[in-house]
Amino acid sequence: MLILGIESSCDETGVALVDASGSGTPRLLGHALHSQIEMHQAYGGVVPELASRDHIRRVLPLTDAVLAQAGLPLSAVDVVAHTRGPGLAGALLVGSGVACALGFALGKPVLGIHHLEGHLLSPFLSADPPEFPFIALLVSGGHTQLMRVDGVGRYELLGETIDDAAGEAFDKSAKLLGLGYPGGPALAKLAQQGDPLAYKLPRPLLHSGDLDFSFAGLKTAVLTQVKRLAHASLDGPATTHLADPLTLQQKADVAASVQAAIVEVLVKKSLAALKASGLKRLVVAGGVGANALLREQLNAACHRAGLRVHYPELHLCTDNGAMIALAAGLRVQAGLAFAVPADGAPVVPSYRFDVRPRWPLADLA
Ligand code: KG4
Ligand code: ZN
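Scoring rules and cut-offs
- The residue numbers shown here count from 1 along each chain, following its written sequence.
- All chains are assigned letters beginning with A, and all ligands numbers beginning with 1, in the order in which they are written.
- Per-residue local features of the predicted model are confined to residues with pLDDT of at least 70, and side-chain atom pairs are confined, for both listing and counting, to 80 or more; whole-chain, interface and lining totals are unaffected and use all residues.
- Hydrogen atoms and water are omitted, and side-chain values are computed over all heavy atoms in the structure.
- The donor definition counts N, O and S atoms within 2.8 Å of each metal and applies 3.2 Å to Na, K and Ca; water is not among these atoms, so some sites may look incomplete.
- Helix and strand labels come from DSSP, where a helix needs a run of H or I of at least four residues and a strand needs a run of E of at least two; each type is numbered from the N terminus.
- Exposure classes here rest on a 1.4 Å probe applied to the protein chains alone. A residue is buried below 20% of its type maximum, exposed above 50%, and partly exposed in between.
- One heavy atom suffices: a residue is near a molecule or strand as soon as one of its heavy atoms comes within 4 Å of it.
- Using a 1.4 Å probe, the Shrake-Rupley method yields the accessible areas, and only the shown protein chains count as cover for residues.
- Inter-axis angles, ranging from 0 to 180 degrees, are taken between N-to-C directions of lines fitted to C-alpha atoms, where helices are fitted over the stretch in contact.
- Note on angle classes: values under 35 degrees are labelled roughly parallel, values over 145 roughly antiparallel, values of 65 to 115 roughly perpendicular, and the remainder oblique.
- Crossing handedness follows the turn of the near helix against the far one: under a right angle anticlockwise gives a left-handed crossing, and clockwise gives a right-handed one.
- By the convention used here, residues are in contact when the closest approach between their heavy atoms is within 4.5 Å.
- One speaks of a salt bridge when a side-chain nitrogen belonging to Lys or Arg is within 4 Å of a carboxyl oxygen belonging to Asp or Glu.
- As used here, the term nonpolar core means buried Ala, Val, Leu, Ile, Met, Phe, Trp, Tyr and Cys residues forming a set that is joined through side-chain atoms within 4.5 Å.
- A pair of strands is considered paired only if DSSP assigns at least 2 bridges between the two.
- Between N or O atoms, a polar contact is any pair within 3.5 Å; within protein, one atom must be a potential hydrogen donor and the other a potential acceptor, and residues adjacent in sequence are included only when both atoms are from side chains.

Asker: Is there a simple way to think about the coordination of the zinc ion (ligand 2) in this case?
Answerer: In an ideal tetrahedron of four donors about a metal, each angle is 109.5 degrees. In an ideal octahedron of six donors, the angles are 90 or 180 degrees. Protein-derived coordination of the zinc ion (ligand 2) comes from His 115 (NE2), His 119 (NE2) and Asp 319 (OD), at a distance range of 2.1 Å. Read in sequence order, the donor residues coordinating the zinc ion (ligand 2) give the pattern H-x3-H-x199-D. Of this pair, His 115 sits in helix α4 (residues 115-121) while Asp 319 is found in the loop between β10 (308-310) and α10 (322-333), placing the two residues 204 residues apart along the sequence. Looking at His 115, the relative accessible area reads 8%, which means it is buried. A residue is classified by how much of its surface remains accessible, and Asp 319, at 12% relative accessible area, is buried.

Asker: I tried to follow the site of ligand 1 on my own but got confused; where do I start?
Answerer: As a matter of local geometry, ligand 1 sits amid 17 residues, with Gly 141, Asp 171, Gly 184, Gly 287 and Asn 291 nearest to it. In the complex, 86% of the free accessible area of ligand 1, which totals 550 Å², lies under the protein chains. Put simply, the parts of the chain that give the shell around ligand 1 at least two residues each are α4, α5 (166-176) and α6 (183-191). Per-element tally for the shell around ligand 1: the top contributor is α5, with 3 residues.

Asker: Just checking my understanding: could you explain the packing of helix α2 (residues 48-70) against helix α3 (residues 89-106) for this structure?
Answerer: The description of two packed helices rests on the angle between their axes and on the distance between the axes. At a closest axis distance of 8 Å, the pairing of α2 and α3 adopts a crossing angle of 25°. When the axes of α2 and α3 are compared, the pair comes out roughly parallel. As α2 packs across α3, the resulting crossing turns out to be right-handed. Across from Ser 52, His 55, Ile 56, Val 59 and Leu 60 in α2, the residues of α3 making contact are Gly 90, Ala 91, Val 94 and Val 98.

Asker: Explain the pattern of salt bridges here, please?
Answerer: Opposite charge on two side chains allows them to pair when their charged atoms are near. Counted under the stated rule, the structure contains 15 salt bridges. Between Arg 27 and Asp 19 there is a salt bridge, with the nearest N and O atoms lying 3.8 Å from each other.

Asker: Would you mind showing me how to read the nonpolar core here?
Answerer: Counting residues in each nonpolar core, the largest one holds 53 residues, and the members touching the most others are Leu 137, Phe 215, Ile 262, Leu 266, Leu 282, Val 284 and Leu 294. Broken down by secondary-structure element, the contributors of at least two residues to this core are β6 (134-139), α5, α6, α7 (216-229), α8 (248-277), β9 (281-285) and α9 (292-305). For this core, the element with the most residues is α8, which contributes 13 residues. Among all residues touching Leu 137, those that are not within four sequence positions of it are Gln 145, Leu 146, Phe 213, Leu 266, Ser 270, Leu 282, Val 283, Val 284, Ala 285 and Leu 298.

Asker: Could you clarify how one ought to interpret the sheet that holds strand β5 (residues 110-114) in this entry?
Answerer: Two modes of strand pairing occur in sheets, parallel and antiparallel, and in both the strands are linked by backbone hydrogen bonds. Taken in spatial order, the 5 strands line up as β3-β2-β1-β4-β5 in an open sheet, and their pairing is mixed. Since the sheet does not close on itself, it has two edges, and those belong to β3 (27-35) and β5, each with one partner. Going from strand to strand, the sheet's axes swing by 20° on average, the running direction of each strand aside. The pairing of strand β4 (residues 79-85) with β5 spans 5 bridges and is classified as parallel. Note on β5: the bridge partner recorded for Thr 83 is Ile 113. Packing against the sheet, α2 makes contact with β1 (2-7), β2 (12-19) and β3, and its axis sits at approximately 150° to β3. The sheet contacts of α3 involve β1, β4 and β5, and relative to β4 the element is tilted by about 160°.

Asker: Teacher, can you tell me more about the pairing of β9 here?
Answerer: Strand residues, when the strand is regular, have side chains that alternate between the two faces of the sheet. Within β9, 5 of the 5 residues are buried, leaving the element largely enclosed by the surrounding structure. Judged from the 4 bridges that link them, β6 and β9 form a sheet pairing that is parallel. Among the inter-strand pairings, Leu 138 is bridged to a residue of β9, identified as Ala 285. Bridging between β9 and β10 involves 3 bridges; their strand directions are parallel.

Asker: Looking at this structure, I do not really get unusual backbone geometry. What am I missing?
Answerer: What is expected of a backbone is that most residues other than glycine have negative phi and most peptide bonds are trans. Between Gly 85 and Pro 86 the backbone carries a cis peptide bond, its omega angle lying at -15°. Here Pro 86 is to be found in the loop between β4 and α3. Non-glycine residue Leu 205 carries a positive phi angle of around 60°. For Leu 205, the position within the fold is in the loop between α6 and α7. Of the residues examined, Leu 205 reaches a relative accessible area of 29% and is grouped as partly exposed. Phi angles above zero are rare outside glycine, and His 231 is one such case at about 55°. Considering the arrangement of structural elements, one finds His 231 in the loop between α7 and α8.

Asker: Looking at this model, I keep getting lost on the side chain of Gln 36. Mind explaining?
Answerer: Along the chain, Gln 36 falls in the loop between β3 and α1 (37-41). At a separation of 2.8 Å, a polar atom in the side chain of Gln 36 contacts the side chain of His 40. If sequence neighbours within four positions are ignored, Gln 36 has contacts with Cys 10, Asp 11, Thr 13, Ala 51, Asp 54 and His 55.

If you want it as structure tokens, here you go:
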């Protein structure tokens, strides 16, 4: 059972091939990725129309590269999977359209996958895969959620951000410091030279007693702090060059203080979710899961509490095709992929498709 997975929800075109034969964890046979970061950098963020056009250019050459890595022809593919949502509508349409065209040409079924389910299950491709059930901390550029995961397709939302996502807090703070896009990795790098105790920044909802998050206030606090250091008017607008008067050390101290605030909240709430559920395993997924301080502090906290923590491989933390092919493989193995007609007649593949730019994971059957 060979499954080709296509990811195109935002600014990365990812294609991968997994072997989901039998009941073992699907095996990655090849994967290729093209990041559009350089193209969007000039604009300080993702330009949706440019993203869609670039996905069109990349998706078939990447597919060829993956098949070449695996040493297999396209005709060997049994299922074509694609990210159906959430994400940018135009970008999703590219991957979904191409997947359906390939499926139609091959006469093979096509499967739409939830992007966050891909992230959530991505640690199953790591050398230290988790076992169900577990608590998942999903931290990406658009989402910050704590979920209880009892099996493939069995997800219960425990808490989520009421405003900005953790990745957004990294990105917006980085932008204020003039670090460009995407800000998370750049801010984390600068923070290495900074003092996390230099500036007192809020830890929003830390003691709220629930598992929700809020990061919008943190962004405002960073803006105020940068304005103070730059001797700028506190009422003035946030401009690209606001942080120019700051010394490199001041910028590094702000970066370290923001990172410490975000990480402390993520660690405390994850531990609270584990305690409330009685579960002993934590899985961290999404782009912010690549953050070294978050990993260090989660490892230490989980070790102290006698809990296990699992991560995707570093290169599979951010968007990629492997997680989409994997999620499709696990769905097929769990019997959740295709509705089988009650009369036992063979399944006739459909090549109609839609995309779901907004799609709560809890709606996934
Ligand atoms: O999962 P992802 O690739 O895309 C979404 O689905 O959103 O996550 C991207 C997010 C961005 O906000 C990026 O700044 C953040 O993950 N990120 C990081 C790091 N690497 C990526 N944030 C903090 N530290 C990192 N090392
Ligand atoms: Zn993502």
